[in-house]
Amino acid sequence: MHLRHALLATTLAAALIGPQAAAQPLRWSAPVPQTATSRIFAPLVLNGTKEAEALARAGYVQEEYFINGKGAIYSEKEDGSLALRQGDVPYATRVILIRPRDPKRFNGIVHLALSHPNLAGTQWGRIDSLVLRSGAVYALAINGSDAPSRKASTPATPIATTDLPQWFDARRYAGFNIPKDDGIRWDIIGQVASALRDPAKGSPLAGWKVRRVYGSGWSFLGSQWRSWINFGFHDRYRRADGSPVIDGYLIGISAGAVDAGHVPLNSTDPVKDRHQQKLKMIDAPVIELTSEMEAITNIYPLREQTDAAKGGYRIYELGGVSHGDSGVTGQVRPSTWQLLERRHGGVEPVPVCSVEDSDSPMRDVAQAALVNIDRWVSTGVPAPRAERMQVTGKDYARDAFGNPIGGVRVAQLDVPLVRYAEPPASMCGGKIPRRNLKRLPVDPALIARTYPGGRAEYLAKFDARVDALVAGHWLLAPDAAAQKREARRFADQAFGPGRGTKPETAEGTLPSGAKWAAQVPANWNGTLLVWGRGYSAKLGAPELAPANAKALLLEKGYALLASDYGAAGWSLAEAAPAQAQAIAAFAQTYGKPKRTIAWGNSMGGLVTTALAEAGKPAVDGAIAFCPSIGGAVGMMNMALDGAYAFRTLTADNGLQLTGIADDMANGQKAQAAVQAALTTPQGRARLALAGVLGGIPGWTRRDHSRPADGDVEAQVDEIGAAFTMGIFLPRADQEKRADGVFSWNTGVDYTAQLAQSGRRGFVEALYAKAGLDLKADLARLAAGARVSAKPAAVQYMMAHYTPTAKPSVPLLSVQAMGDGATSPSLQRAYGEAANPGMFSAMWLAQAGHCGFSGEVLVASLRQMEKRLDSGVWDNPATGFVAHTPAPMLRPCIRGRNCR
């Protein structure tokens, strides 16, 4: 018995199962606009990401709609049939559409997906480029949560997806309401699918000619489609002509042989053993696509693979990937980024690893599978078949590289360079990524034996295999082309020029008198890294790389180079020329590198920025870690503001702001005054104000957890821990080089500065606790004696060095959210002034000045290499987070106005 119209689903359920329930059509809202204060929660695409850029390039838009309907709550009888627990239950949910801006581009296909019940995960990245290339529409609906997520939820830290929208934005999602009974999820799916398949008046797709709707889902959401089919909902939801509402299915990373492979009809039903339950045959094709993690659990017989479009079935197993891998690096998970930004306790950043994510192309195989399903439905031509992966005992049979044998034979597995496996914790900062495989290195001798013809042989074999996969309908041509491009990047890593007969190490004296040194591994990959050290009061030997990354980089084939700058202290005048001369000296000994990348930390990050901004750069790219990238003038102006406010309001112990004779002695006075201020509510409030004006964030200590947003006292402690270093040092050395005072606060309006900081509420809270008058203290600052600068000294520090924010080569800046020495606001200011095509920033959810792990350094290097290879910035590497720090209050860009 079939429905004659999709929206009569509840009525049919009543007729079959119990008392009649009135059918209700869905009511769509207008698209809900996004504003600065009202954003879509858990969107498919976040602004400012490469996904957003791809959306815009393709002429697509992302829109959120609210829908209202009524559905039935189902439960399962003992014999497996359905029972109607309650009918006509109202619900209000949301649907996100990604659609062509121009309806004429629509190809007639709608891809339907659901939000994960836990933390609102979305799966756009599993088929994104297919949708954008083809002219299809992608629809995402929230259809409920699940019992474990609801049990783990608290009002402060909701886990269940249905609890999160109102937690995120109570006003925007005031009307959102899905019953907590899982039994309603099935009618929400069916009613949304029906509304998309036959758009009625009021639907955002009204007037669009929808030809087919396909359902796809991964993990729980793949299991949900399996249960949708097995419980009979595919058969129940029909169009007016009796055809199914959903025309085909892709079930991803879900295995029916385990409990997680089946979603219960209702979480309150008794648990049943469904491990041997086969997928029901329906009048639409189904493809299952599993990774290494699920495939090995499919120990029970599966459905017979059949070729007819009605009842068609395929099972694909892909090696080199695990449950969380798409084969595409740098994909943003929007809900995770949003929850991290809002300090949600249920999420944490994934570890940063020194090895790259798997490139075994799960997404690309999935996209081809969906095209094959559509061909199956529209022409009757079945999807290709693949062998299962070979299992020996409790593991897969593996090849010489350690990769599984059998399954879908993508080029990455048939023409390998690496072993795809779970990385040891030592490669990921002491943590093992959950359900992710990485590209692990193998013995170079194995690569040499496998490809005696070197790079050319490898690429010829890889390209040939990719071409065969396209011909066999396993890959789409655009995805194949992207894989070939990526293969060339990996080939460059595996088949470098080597060092040959040249010496492993070299050193010498440069024309400037500076010393240089280099180390080149035997397996040199052709890339030279030029390290710029941070500020040092004493001149030492050239430092080739941070100690925690040197051996790792040499092992990976990078040549290392550095100079000692030829001077200690704030040696910007000497450092950039010395680094450029060192690069030339290296080339005289080893030949010109294929690629030269400058990198450095703290002051060395500013040296690196200077190299990147040179008119005739000696480098191809630059990476500035925890850098003084705001430049000497702006950075020290902001520090002066903090010092001026602190001395004016709290310290009367001879503390000097400028013209300092002894940095260390003055620093000790400052530290004593800070410690005294921390002992009283009044001192803490005024220290907080000075810290905000000086750009010190409210988290600065590496060994302390980030304070909660409302924990103002803990934030003051963090400011106090970094205040002396971040505000007072090393001004004396800089003023000596500049031959005078180069910072000023004449004309600065501190009331306006506080307002602009975005942190006034933090300061007001502490002033209220201390019983102080903030306006009165701001008036004291306005009335105080100001500091003027010597123009010639300013000119010197402009030249040595205040950036132009016009890098000639790609520049990547990497910073911790909680750096109290080089304020995170510096990185923001540079990014706001620079061309985004030439500058990119990455953030780590950690505190402290520099001290980045070897994994972070290598991941940042890979990010730069991708930019140099592709010409565009990728999303931040895995493990980095989205972050917008407070603005820089005294930005100064050379050639523009200084505030």
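What counts, and at which threshold
- Residues numbered from 1 in each chain as written.
- Predicted model: local features only at pLDDT ≥ 70, side-chain atom pairs only at ≥ 80, totals over all residues.
- Heavy atoms only, no water.
- Helix = DSSP H or I, 4+ residues; strand = E, 2+ residues; numbered from the N terminus.
- Buried < 20%, exposed > 50% of the residue type's maximum accessible area, 1.4 Å probe, protein only.
- Contact = heavy atoms within 4.5 Å.
- Pairing = 2+ DSSP bridges.
- Axes fitted to C-alpha atoms, helices over the stretch in contact; angles between N-to-C directions.
- 1 Å grid on protein atoms, 1.4 Å probe; cavity = no way out; pocket = protein on both sides within 12 Å on 5 of 7 lines; lining within 4 Å.
- Points joined across faces, edges and corners; volume = space filled by probe spheres on them.
- Nonpolar A, V, L, I, M, F, W, Y, C, P; charged D, E, K, R; others polar.
- Disulfide = S-S within 2.5 Å.
- Parallel < 35°, antiparallel > 145°, perpendicular 65-115°, else oblique.

1. Re the environment of valine 607
Relative to the helices and strands, valine 607 resides in helix α18 (residues 603-613). The exposure class assigned to valine 607 is buried, which follows from its relative accessible area of 1%. Considering only alpha carbons, one finds valine 607 and glycine 534, 73 residues apart in sequence, at a separation of 8.9 Å. Setting aside residues up to four positions removed in sequence, valine 607 forms contacts with Tyr565, Leu572, Ala575, Ala576 and Gln579.

2. So, the sheet that holds strand β1 (residues 27-28)
Taken in spatial order, the nine strands make up an open sheet running β1-β2-β3-β5-β4-β6-β7-β8-β9, and their pairing is mixed. One side of each edge strand has no neighbouring strand; the edge strands of this open sheet are β1 and β9 (313-317). Pairing of strand β8 (residues 286-290) with β9, which is carried by five bridges, proceeds in the parallel orientation. Paired with leucine 289 across the bridge in β9 is tyrosine 316. Sheet strands touched by helix α7 (residues 220-230): β4 (109-114), β6 (212-218), β7 (248-252) and β8. Its angle to β6, the strand with the most contacts, is close to 125°.

3. A few points about empty space enclosed by the protein
Empty space among the atoms can be located by rolling a probe the size of a water molecule over them. Counted under the stated rule, the structure contains seven cavities of 30 Å³ or more. Its boundaries defined by the atoms lining it, the largest cavity holds a volume of some 170 Å³. Together, 15 residues line the largest cavity, and Val355, Glu356, Ala859, Ala877 and Thr878 are the ones closest to its centre. Sorting elements by how many residues they give to the lining of the largest cavity places helix α29 (residues 854-870) first, with four residues. Here the lining of the largest cavity is composed, by residue class, of six nonpolar, four polar and five charged.

4. Some remarks on the state of the cysteines
Note: disulfide means a covalent bond formed between the sulfur atoms of two cysteine side chains. Going through the model one piece at a time under the given rule, you end up with three disulfides. Between the sulfur atoms of cysteine 892 and its disulfide mate cysteine 898 the distance is 1.9 Å. For the chain, the disulfide bridges join cysteines in the arrangement 1-2, 3-4, 5-6, where the cysteines are counted in sequence order.

5. Let's talk about the side chain of threonine 700
Within the fold, threonine 700 resides in the loop between α21 (681-693) and α22 (712-728). Exposure remark for threonine 700: the relative accessible area of 8% places this residue in the buried category. Setting aside anything within four residues of it in sequence, one finds threonine 700 in contact with Glu718, Ala721, Ala722, Gly818, Gly820, Ala847 and Gly848.

6. Remarks on the packing of α22 against helix α25 (residues 760-770)
Interaxial distance between α22 and α25 falls to 10 Å at its minimum, and their mutual angle equals 105°. Here α22 is positioned roughly perpendicular relative to α25, judged by the angle of their axes. Between α22 and α25, the contacting residues are Val712, Glu713, Gln715, Val716 and Ile719 on the first element and Phe762, Ala765, Leu766 and Lys769 on the second. Among the residues forming the contact of α22 with α25, the class breakdown is six nonpolar, one polar and two charged.

These figures come from the coordinates and say nothing about function on their own.
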